[in-house]
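# Fold and geometry: a report
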Amino acid sequence: MRGRLLIGAAVVVIIVAVVFGSAFAFQRRLIYLPSGGPVPSAAEVLPGGRDVALRTADGLTLTCWYFPVAAPRAAVLVAPGNAGNRSLRAPLARALHAAGVATLLLDYRGYGGNPGSPTEAGLALDVRAARDFLAAQARVPLVYFGESLGAAVVAGLAVDFPPAALVLRSPFTDLAAVARRHYPFLPVRLLLLDTFPVADQVARVPAPVTVVYGGADSIVPPEQSRAVAAAAGGRAVEVPGADHNDPVLLDGPAVIAAITAAAG
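Keep in mind that what you see is a predicted model, and the values were worked out from it rather than measured. (Residues numbered from 1 in each chain as written. Predicted model: local features only at pLDDT ≥ 70, side-chain atom pairs only at ≥ 80, totals over all residues. Heavy atoms only, no water.)

Every buried residue belonging to helix H4 (residues 90–98) is among Ala90, Leu92, Ala93 and Leu96, and all of these are buried. Taken down its axis, H4 places every buried residue within 160° of arc, on the same side. Where H4 terminates, the next one or two residues include Gly100, which has phi positive at roughly 80°. (Buried < 20%, exposed > 50% of the residue type's maximum accessible area, 1.4 Å probe, protein only. Helix = DSSP H or I, 4+ residues; strand = E, 2+ residues; numbered from the N terminus. Arc of directions from axis to C-beta.)

Here it is as structure tokens:
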């Protein structure tokens, strides 16, 4: 009997070790869900759109879209979420262009045919290169807009390079908090390589912060987005009944209004 108990315990330990080890080894495949290329040219999305190449500090060349406007009141750096590529955000670019705001739509490393593999540190370099380009090109106040994971990316950027305003769509408080929601059986804080401490970062951002979130978000709990707004001392805008990937949270009225209001 004792031998059977020991064998059973050993099997349990092995299973747990395999599960935890697999979660650790493959975690970034669960976090980052890029779509590769090809993507259309920026000019196919909007007349006058430009395909631009960004050079990151670690030597990667990333392609993205830039949509200038005549006499812009501000320029918006768009940091997308964890899935797809910039072609999925074309409706957002069109809406912002129509509102008279210059827009840079970033694709991270590993997304949209770009080289490299996404990590927290890598995305920080990507968005820094995007910010440097936009600051030099537009020469107007900058607004950072990030959706979901992109909210974490621009929150980190805003600590070191404060924008005129920061707009976050469906942000989580930190990556472990949202991961625990979906993987409650895992010790996610011990396993995660990338942390994205959004709430801590926005508390150090001097710029005004607006948070837009869906009231029925099944990916990032609405209370986490509200907590980010509270940490920033900012404004929270709920879109009632909206889930995380609903079109109304891509280019709907609440999102566009928040960005254009931030643009001044």
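From this point, the narrative continues.
In this section: the sheet that holds strand E4 (residues 75–79). Backbone hydrogen bonds hold the strands of a sheet together, and the pairing may be parallel or antiparallel. Taken together, the eight strands give an open sheet; going across it, the order is E2-E3-E6-E4-E7-E8-E9-E10, and neighbouring strands pair in mixed fashion. Looking along the sheet, the strands with just one partner apiece sit at the ends: strand E2 (50–55) and strand E10 (235–239). Here the average twist between neighbouring strands, direction ignored, is 20°. In terms of strand pairing, strand E9 (residues 209–214) meets E10 through five bridges, oriented parallel. Looking at the pairing, Val212 lines up with Val237 of E10. The strands touched by helix H10 (residues 222–232) are strand E8 (165–169), E9 and E10; relative to E9, the strand with the most contacts, the crossing angle is about 170°. (Pairing = 2+ DSSP bridges. Axes fitted to C-alpha atoms, helices over the stretch in contact; angles between N-to-C directions. Contact = heavy atoms within 4.5 Å.)

This paragraph deals with the pattern of salt bridges. When the charged atoms of two side chains with opposite charge come close together, those side chains can pair. In total, this model carries eight salt bridges according to the counting rule given. Between Asp126 and Arg109 there is a salt bridge, and its shortest N-O distance comes to 2.8 Å. Residue Asp126 is located in helix H5 (residues 120–138), and its partner Arg109 is located in the loop between strand E6 (102–105) and H5; the two are separated by 17 residues in the primary sequence. For the residue pair Asp126 and Arg109, the accessibility class agrees, reading buried in each case. Bridged by salt links that share partners, the residues Asp58, Arg109 and Asp126 form one connected network. (Salt bridge = Lys/Arg side-chain N within 4 Å of Asp/Glu carboxyl O.)

Further remarks concern the nonpolar core. Grouped together as the largest cluster of nonpolar side chains are 57 residues, with contacts concentrated most on Leu166, Leu168 and Phe172. The element contributing the most residues to this core is helix H6 (residues 149–160), with eight residues. Setting aside residues no more than four positions away along its own chain, Leu166 makes contact with Tyr144, Val154, Ala158, Val202, Val205, Pro208, Val209 and Thr210. Residues Val143, Val239, Leu249 and Ala263 belong to the second largest nonpolar core, which totals 30 residues. (Core = buried A, V, L, I, M, F, W, Y, C linked by side-chain atoms within 4.5 Å.)

A few words now on the side chain of Arg109. Judged by relative accessible area, which is 6%, Arg109 ranks as buried. Side chain to side chain, Arg109 and Asp58 meet in a polar contact 2.7 Å long. (Polar contact = N/O pair within 3.5 Å; in protein donor to acceptor, adjacent residues only side chain to side chain.)

Moving on: unusual backbone geometry. Its identity is not glycine, yet Ala71 carries a phi of approximately 50°, on the positive side. Look at Phe196: it is not a glycine, yet its phi comes out positive at around 45°. Looking at the secondary structure, you find Phe196 in the loop between helix H8 (188–191) and helix H9 (198–202).

With that settled, consider the pairing of E4. In terms of burial, E4 is largely enclosed, as five of its five residues are buried. Burial along E4 is two-sided: Ala75, Leu77 and Ala79 and Val76 and Val78, pointing in opposite directions, are all buried. One ladder, built from five bridges, connects E4 with strand E7 (residues 142–147); its direction is parallel. Looking across to E7, one finds that Leu77 is bridged to Tyr144.

Bringing the packing of aromatic side chains into the picture now. With the rule as written, the count across this model stands at three aromatic pairs. Seen from their ring centres, Tyr66 and Phe133 are 5.5 Å apart, and the 85° between their planes marks the pair as edge-to-face. One end of the pair, Tyr66, is in strand E3 (residues 61–67); the other, Phe133, is in helix H5, with 67 residues separating them in the sequence. Classification of Tyr66 as buried rests on a relative accessible area of 3%. Take Phe133: its relative accessible area is 17%, and that puts it in the buried class. (Phe/Tyr/Trp six-rings, centres within 6.5 Å; stacked < 30°, edge-to-face > 60°.)

What follows covers the packing of H5 against H6. Put simply, H5 and H6 touch, their axes get as near as 9 Å, and they point 65° apart. Judged by the inter-axis angle, H5 sits roughly perpendicular to H6. Seen from above, H5 lies across H6 with right-handed handedness. Only Leu149, Val153, Val154 and Leu157 of H6 make contact with H5, whose side of the interface consists of Leu123, Val127, Arg128 and Arg131. Considering only residue class, the contact of H5 with H6 consists of six nonpolar, no polar and two charged. (Parallel < 35°, antiparallel > 145°, perpendicular 65-115°, else oblique. Left-handed = near helix turned anticlockwise from the far one by under 90°. Nonpolar A, V, L, I, M, F, W, Y, C, P; charged D, E, K, R; others polar.)

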